[in-house]
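# Descriptive structure summary
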Amino acid sequence: MTRASGPERIIRRLLRVNHSGEHGAVAIYSSQIAKAKTRYPEILPWLEETLSHELQHRAAFLEAMPSRSAKPCRAMYVWKYGGAILGRITSLFGKNGVMICTAAVERTVHRHLAEQLSFLQKHDPALAETVSRILIEEGQHLETAERQHNRNSVFAKLLSGAVSFSTEMLILVSTRGDSLRLSRALQST
Ligand SMILES: [Fe+2]
Ligand SMILES: [Fe+2]
């Protein structure tokens, strides 16, 4: 089997990282929804609508894979437990904890997607279009989550930092370290 070099290979890796990130968002929102049903029903409609977007994002990246010879990460199962643990722990801190977690996860996903845009516009305009469309929704999720919690408290900063770190670690583990190498590759292109 020949190993395609350059942009095609980077695009396959981007798709794997993006699909993994969306899979993580689905896992985290699903876990938060389970808790919100009994504890914070007022944010349930928003969480459910946001989960429906994340499911569409994950499906869009999965759909883009076959024509680019890409496959999902084999370690996606880490999200089953990692996402559930992250969602559960942050929901222990109430509605504020849920929104701090949501904002931190969305910020991480948004950053991963935004850093790919100029590369994709140059090498895969169709995928760039998909990423741009998803970025708009991720931006709305982030904006809503940020509006609904106090970002300036020490607690919010600590929890937000812990969630961002955990999300990056889960993406790193599920992609077997490729998310970090890919970030460096994009910065050098
Ligand atoms: Fe998403
Ligand atoms: Fe999102």
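A short tour of the structure in this document, coming up.

## Structural notes on the coordination of the iron ion (ligand 1)
- Coordination of the iron ion (ligand 1) by the protein comes from Glu 22 (OE), Glu 54 (OE), His 57 (ND1) and Glu 138 (OE), over a distance range of 1.9 to 2.2 Å.
- Each of the four donor atoms around the iron ion (ligand 1) contributes to a set of angles spanning 92 to 136 degrees, which defines the coordination as irregular.
- For the iron ion (ligand 1), all donor residues lie on one chain, and their spacing in sequence is E-x31-E-x2-H-x80-E.
- The two metals, the iron ion (ligand 1) and the iron ion (ligand 2), are separated by 3.7 Å and share Glu 54 as a common coordinating residue. Placement of Glu 54 in helix α2 (residues 44-64) and of Glu 138 in helix α6 (residues 125-147) is noted, with a sequence separation of 84 residues between them. There is no split in this pair, since Glu 54 and Glu 138 are both buried.

## Points about the nonpolar core
- Grouped together as the largest cluster of nonpolar side chains are 37 residues, with contacts concentrated most on Leu 15 and Leu 120.
- When residues of this core are traced back to their parent elements, those giving at least two are α1 (7-39), α2, α3 (77-91), α4 (94-114), α5 (117-123), α6, α7 (154-174) and α8 (178-187).
- A per-element tally of this core places α1 first, with seven residues.
- Ranked by size, the runner-up nonpolar core spans 16 residues in total, among them Val 26, Tyr 29, Leu 44 and Leu 47.

## Observations concerning the packing of α3 against α7
- Taken N-terminus to C-terminus, the directions of α3 and α7 make an angle of 175 degrees; their axes are 10 Å apart at the nearest point. Between α3 and α7, the angle falls in the class roughly antiparallel. Residues Val 78, Trp 79, Gly 82, Gly 83, Leu 86 and Thr 90 of α3 form the contact with α7, whose participating residues are Leu 159, Val 163, Ser 166, Thr 167, Leu 170, Ile 171, Val 173 and Ser 174.
- Among the residues forming the contact of α3 with α7, the class breakdown is eight nonpolar, six polar and no charged.

## Quick notes on the environment of Met 99
- Mapped onto the fold, Met 99 is located in helix α4.
- By relative accessible area, Met 99 is classed as buried at 0%.
- As a C-alpha pair, Met 99 and Ser 160 span 61 residues in sequence and 9.6 Å in three-dimensional space.
- Contacts of Met 99, omitting those with residues within four sequence positions, involve Ile 43, Trp 46, Ala 145, Gln 148 and His 149.

## Notes on the coordination of the iron ion (ligand 2)
- The protein atoms donating to the iron ion (ligand 2) are Glu 54 (OE), Glu 106 (OE), Glu 106 (OE), Glu 138 (OE) and His 141 (ND1), with metal-donor distances spanning 1.9 to 2.3 Å.
- Along the chain, the residues that donate to the iron ion (ligand 2) are spaced as E-x51-E-x31-E-x2-H.

## Concerning the pattern of salt bridges
- Applying the stated criterion to the full structure yields six salt bridges.
- Between Arg 147 and Glu 143 there is a salt bridge, and its shortest N-O distance comes to 4.0 Å. Here Glu 143 and Arg 147 lie together in helix α6, a separation of four residues that amounts to about one turn.
- Between Arg 181 and Asp 178 there is a salt bridge; the shortest N-O distance is 3.6 Å. Within this pair, Arg 181 and its partner Asp 178 are both found in helix α8, separated by three residues, close to a single helical turn.
- If you follow the salt bridges from partner to partner, you end up with Arg 13, Asp 178 and Arg 181 in one network.

## Concerning α4
- Along its 21 residues, α4 runs 30 Å from first to last C-alpha, staying within 8% of the 30 Å computed at 1.5 Å per residue.
- With respect to burial, α4 is a largely interior element, 15 of its 21 residues being buried.

Calculation notes
Residues numbered from 1 in each chain as written. Chains lettered and ligands numbered in written order. Predicted model: local features only at pLDDT ≥ 70, side-chain atom pairs only at ≥ 80, totals over all residues. Heavy atoms only, no water. Donors = N, O, S within 2.8 Å, 3.2 Å for Na, K, Ca; no water. Tetrahedral: all angles 85-135°; square planar, octahedral: opposite > 155°, others 65-115°. Helix = DSSP H or I, 4+ residues; strand = E, 2+ residues; numbered from the N terminus. Buried < 20%, exposed > 50% of the residue type's maximum accessible area, 1.4 Å probe, protein only. Core = buried A, V, L, I, M, F, W, Y, C linked by side-chain atoms within 4.5 Å. Axes fitted to C-alpha atoms, helices over the stretch in contact; angles between N-to-C directions. Parallel < 35°, antiparallel > 145°, perpendicular 65-115°, else oblique. Contact = heavy atoms within 4.5 Å. Nonpolar A, V, L, I, M, F, W, Y, C, P; charged D, E, K, R; others polar. Salt bridge = Lys/Arg side-chain N within 4 Å of Asp/Glu carboxyl O. Expected span 1.5 Å × (residues − 1).

Honestly, it's all geometry; don't read function into it.
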